[in-house]
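Chain by chain, the residues:
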Protein chains: 2
Amino acid sequence: MSGPIVVDSVAALRAQIRDWRQDGQTIAMVPTMGALHDGHISLVRIALEKAERCVVSIFVNPTQFAPTEDLDKYPRQLARDLDRLREAGAHLAFTPSVAEMYPAGFATRISVGGPSSGLETDFRPAFFDGVATVVAKLFLQAAPDFAIFGEKDYQQLCVVRQLCRDLDLLVEIVGAPTVRDSHGLAMSSRNAYLGETEINVARKLNAVLHQTAAKLASGADEASAISEAVGALIQAGFRKVDYVAAREAVTLGPWRRDRDGRLLAAAWLGTTRMIDNLEIPSA
Amino acid sequence: MSGPIVVDSVAALRAQIRDWRQDGQTIAMVPTMGALHDGHISLVRIALEKAERCVVSIFVNPTQFAPTEDLDKYPRQLARDLDRLREAGAHLAFTPSVAEMYPAGFATRISVGGPSSGLETDFRPAFFDGVATVVAKLFLQAAPDFAIFGEKDYQQLCVVRQLCRDLDLLVEIVGAPTVRDSHGLAMSSRNAYLGETEINVARKLNAVLHQTAAKLASGADEASAISEAVGALIQAGFRKVDYVAAREAVTLGPWRRDRDGRLLAAAWLGTTRMIDNLEIPSA
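Residues numbered from 1 in each chain as written. Chains lettered and ligands numbered in written order. Predicted model: local features only at pLDDT ≥ 70, side-chain atom pairs only at ≥ 80, totals over all residues. Heavy atoms only, no water.

Here the focus is the overall build of chain A. Of the regular secondary structure elements, chain A holds nine helices and 10 strands. Relative to the 2.2 N^0.38 estimate, which gives 19 Å for 283 residues, the radius of gyration of chain A is 19 Å and therefore close to what a compact globule would have. Each of the three principal axes of chain A carries a C-alpha extent, and together these read 55 × 40 × 40 Å. Taken across its 283 residues, chain A has 57% of its residues classed as buried. Counted over contacts in chain A with a minimum sequence separation of 6, partners at least 24 positions apart contribute 73%. Total accessible area on chain A stands at roughly 12,000 Å², and carbon and sulfur atoms take up 52% of it. (Helix = DSSP H or I, 4+ residues; strand = E, 2+ residues; numbered from the N terminus. Rg over C-alpha atoms; globule rule 2.2 N^0.38 Å. Buried < 20%, exposed > 50% of the residue type's maximum accessible area, 1.4 Å probe, protein only. Contact = heavy atoms within 4.5 Å. Areas by Shrake-Rupley, 256 points an atom, 1.4 Å probe, with all protein chains shown as cover.)

Written out as structure tokens, the structure is:
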């Protein structure tokens, strides 16, 4: 089985996509920062169900990291990533350099309001500007019919949907369920930072969210349930909880019991920041 | 001679453009805020030289006006505009409502740095964010091969070029020479605000810029030449001068005598703000 075509320039990406388009083929894109795990591979599978060609971008986007964050130590393992993409049947890996994405003089920033307010933005103020700008560029470079994003980064998924709606981008955003280990831990490239003891603590994040979502769905007071969840996470061994929050599922506005809700959390294990989220069934 | 097709929805615009594309036809776009004058018609003529189909958008974009500015009194005259477009041979007029461009919940803003810094931005801080966002939307709605912008709004032309470069938009930006009356006054929809006496003062803006550009090209001290230009404008009857500035022609960074330069100015006649600009030949 041959591996994916690997291109690192926008021009080569466009040339290949043009060829496929001329053959009438549809394109699905999976934007990633590499360090591919089973979660990413599940996105590739969905892409291959949606379209005839699957393009995976691998780009550790510096503009979505704050100076204090883990840009330098973020895991990079291109050869292994390409092996995984070959096994999964992806057709093209787009691996641009930082200079290819942001040439000298680059000066444009896209800010998406609405679902970007609060949650991650309270702790990573420039994060979604970085995400929105690079995702818009990738969509304009590849012009895919579909793009697949994991629900693991749930707020990001909402922000990307808003971006496409607001800028009239003709790409259908497909949200994909979070892939978890047998203990409920969401797959994440940052799990590589965790030792064995920490993994056991990390697994409790999902369990606490499950208990809290169940409480909320059965009528518990919102503030009390959230406060108990924060206490349970600290009790379980998390060093710090950035937030546990119930939100309306689409706009990420305030949660209402008569609409689909989402319970989102971010918490620290040592120097590693974990995020997870779950649906809150409507009453 | 039949008039242009008039559409007010993005869906209808895309359907017509798709039909033209299927016939292999190329598209040139002229974004306008209506109140069309000979300057706009010159852009339509260039569009018709560049491509087989000319699309003119007519949309008074609220997001590029500050609350204190002339959004409400900005001239609107659609029937007359459509007559002029019919005479000029434009194929389609896109006349969206504000709700079509910015539906409820719209929340995205594009900021272009680089050439947007200083000049207009010092006096209209949100102006180029408004321009960049609406222009990106128009380009993503119509997907033109070419877009024609007048050099009259020179900083805007530079900002739009930067926007397209940074966001990988596949549209070629064509800058068009400013159309002037026989006394050098640049055509502008805002000239409609001026009385007869004011028109005579307004005509001196171009004359002062010509004198100043000639001085700079022949070696005059930059600060002195600019200061004399400001004095000459006030002397001529302008109420206030926002700026007269020499800049490098492409980046709008500081002017250098060994590169193509641009001399730009903004000044007030009563309650009307006028802008104009000229090239400064390189030494």
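Next comes the rest of the description.
Moving on, we come to unusual backbone geometry. Within the chain, Ala143 of chain A stands out as a residue other than glycine whose phi angle is a positive 45°. Assessed through its relative accessible area of 44%, Ala143 of chain A is described here as partly exposed. At Leu252 of chain B, a position not held by glycine, the phi torsion is positive, near 60°. Here Leu252 of chain B shows up in the loop between β8 (240-248) and β9 (261-269). Looking at Leu252 of chain B, the relative accessible area reads 3%, which means it is buried.

We now examine the pattern of salt bridges. Counting across every chain of the model gives 30 salt bridges over all chains. Here Glu228 of chain B ties to Lys215 of chain B by a salt bridge, and the two come within 2.5 Å at their closest N and O atoms. With Glu228 of chain B in helix α9 (residues 222-236) and Lys215 of chain B in helix α8 (residues 196-217), this pair connects stretches of sequence that are 13 residues apart. Judged by relative accessible area, Glu228 of chain B falls into the partly exposed class, the value being 42%. What you see here is one network of salt bridges that share partners, running through Glu120, Lys240, Asp242 and Arg273 of chain A. (Salt bridge = Lys/Arg side-chain N within 4 Å of Asp/Glu carboxyl O.)

Residues and elements named next belong to chain A. Along its sequence, chain A is carved into domain 1 (5-176) and domain 2 (189-280). The gap between the C-alpha centroids of domain 1 and domain 2 is 26 Å. Facing the 23 residues of domain 1 at the interface are 18 residues of domain 2. Counting each side, the surface lost to burial between domain 1 and domain 2 is near 1,800 Å², with a carbon and sulfur contribution of 51%. Summed over the three residues of domain 1 that lose the most area to domain 2, namely Leu119, Phe123 and Tyr154, the buried surface amounts to 36% of that side. At the junction of domain 1 with domain 2, the criterion picks out three salt bridges. Broken down by element, the residue count for the side of domain 1 that touches domain 2 peaks at three residues, all from helix α7 (residues 154-166). Of the residues belonging to the side of domain 1 that touches domain 2, the class tally is nine nonpolar, seven polar and seven charged. (Domains from an automatic or database assignment. Buried area = accessible area lost by both parts, 1.4 Å probe. Nonpolar A, V, L, I, M, F, W, Y, C, P; charged D, E, K, R; others polar.)

Our focus in this paragraph is the interface of chain B and chain A. Across the contact, 21 residues belong to chain B and 21 residues belong to chain A. When the two sides are added together, the surface that chain B and chain A hide from each other amounts to roughly 1,900 Å², 51% of it contributed by carbon and sulfur. Summed over the shared surface of chain B and chain A, the number is two salt bridges. Where Lys137 of chain A meets Asp168 of chain B, a salt bridge forms, and the shortest distance between an N and an O atom there is 2.6 Å. Connecting chain B to chain A are 18 residue pairs in polar contact (both at pLDDT 80 or more). If you list the elements that add at least two residues to the side of chain B that touches chain A, you get β5 (108-112), α6 (127-142) and α7 (154-166) of chain B. By residue number, the principal contributor to the side of chain B that touches chain A is β5 of chain B, which donates five residues. The residue makeup of the side of chain B that touches chain A, split by class, is nine nonpolar, seven polar and five charged. Pairing of strand β5 (residues 108-112) of chain A with β5 of chain B involves five bridges; the strand directions are antiparallel. Residue pairing for β5 of chain B: Arg109 of chain A is matched across the bridge by Ser111 of chain B. (Polar contact = N/O pair within 3.5 Å; in protein donor to acceptor, adjacent residues only side chain to side chain. Pairing = 2+ DSSP bridges.)

The next thing to look at is the side chain of Gln16 of chain A. Residues and elements named next belong to chain A. When you line up the elements, Gln16 lands in helix α1 (residues 10-22). Residue classification places Gln16 among the buried residues on the basis of a relative accessible area of 18%. Every residue in contact with Gln16, bar those within four places of it in the chain, is listed here: Ile5 and Leu92.

Residues and elements named next belong to chain B. For strand β6 (residues 146-150), the tally of buried residues reaches five of five residues, placing the bulk of the element in the interior. Side chains Phe146, Ile148 and Gly150 project from β6 onto one buried face, and the interleaved Ala147 and Phe149 project onto a second face that is buried too. Judged from the five bridges that link them, β6 and strand β7 (residues 172-176) form a sheet pairing that is parallel. In the strand pairing of β7, Gly150 is matched with Ala176. With α7 bridging β6 and its parallel neighbour β7, the resulting β-α-β unit is right-handed. (Right-handed = clockwise from strand over helix to strand, strands pointing away.)

Now for the environment of Ala249 of chain B. All names here are of chain B. Mapped onto the elements, Ala249 comes out in the loop between β8 and β9. Once the C-alpha coordinates of Ala249 and Leu263 are considered, the two residues, 14 residues apart in sequence, prove to be 8.6 Å apart. If we ignore the near neighbours within four places in the chain, the residues touching Ala249 are Tyr154, Cys158, Asp260, Gly261 and Arg262.

Turning our attention to the nonpolar core. In this structure, Phe139 of chain A together with Phe139 of chain B are the most contacted members of the largest nonpolar core, which totals 74 residues. Excluding its chain neighbours within four sequence positions, the residues that come into contact with Phe139 of chain B are Met29, Pro31, Pro144, Ala147, Phe149, Val160, Cys164, Leu169, Val171 and Ile173 of chain B. (Core = buried A, V, L, I, M, F, W, Y, C linked by side-chain atoms within 4.5 Å.)

Quick look at the side chain of His40 of chain B now. Residue and element names in this part refer to chain B. You can see His40 is positioned in helix α2 (residues 38-50). When its relative accessible area of 13% is taken as the criterion, His40 is described as buried. Residues in contact with His40, not counting those within four places in the same chain, are Thr32, Gly34, Ala35 and Ser189.

Moving on: the sheet that holds strand β4 (residues 92-94) of chain B. All names here are of chain B. One open sheet accounts for six strands, arranged β1-β4-β3-β2-β6-β7; its pairing is parallel. The sheet terminates laterally at β1 (5-7) and β7, the two strands that pair on one side only. Looking at each pair of strands side by side, their axes are set apart by 25° on average, direction ignored. Helix-sheet contacts for helix α1 (residues 10-22) involve β1, β2 (27-32), β3 (53-58) and β4, and the interaxial angle to β4 is about 150°. Set on the sheet, helix α3 (residues 78-88) makes contact with β1, β3 and β4; between it and β3 the angle comes to about 165°. (Axes fitted to C-alpha atoms, helices over the stretch in contact; angles between N-to-C directions.)

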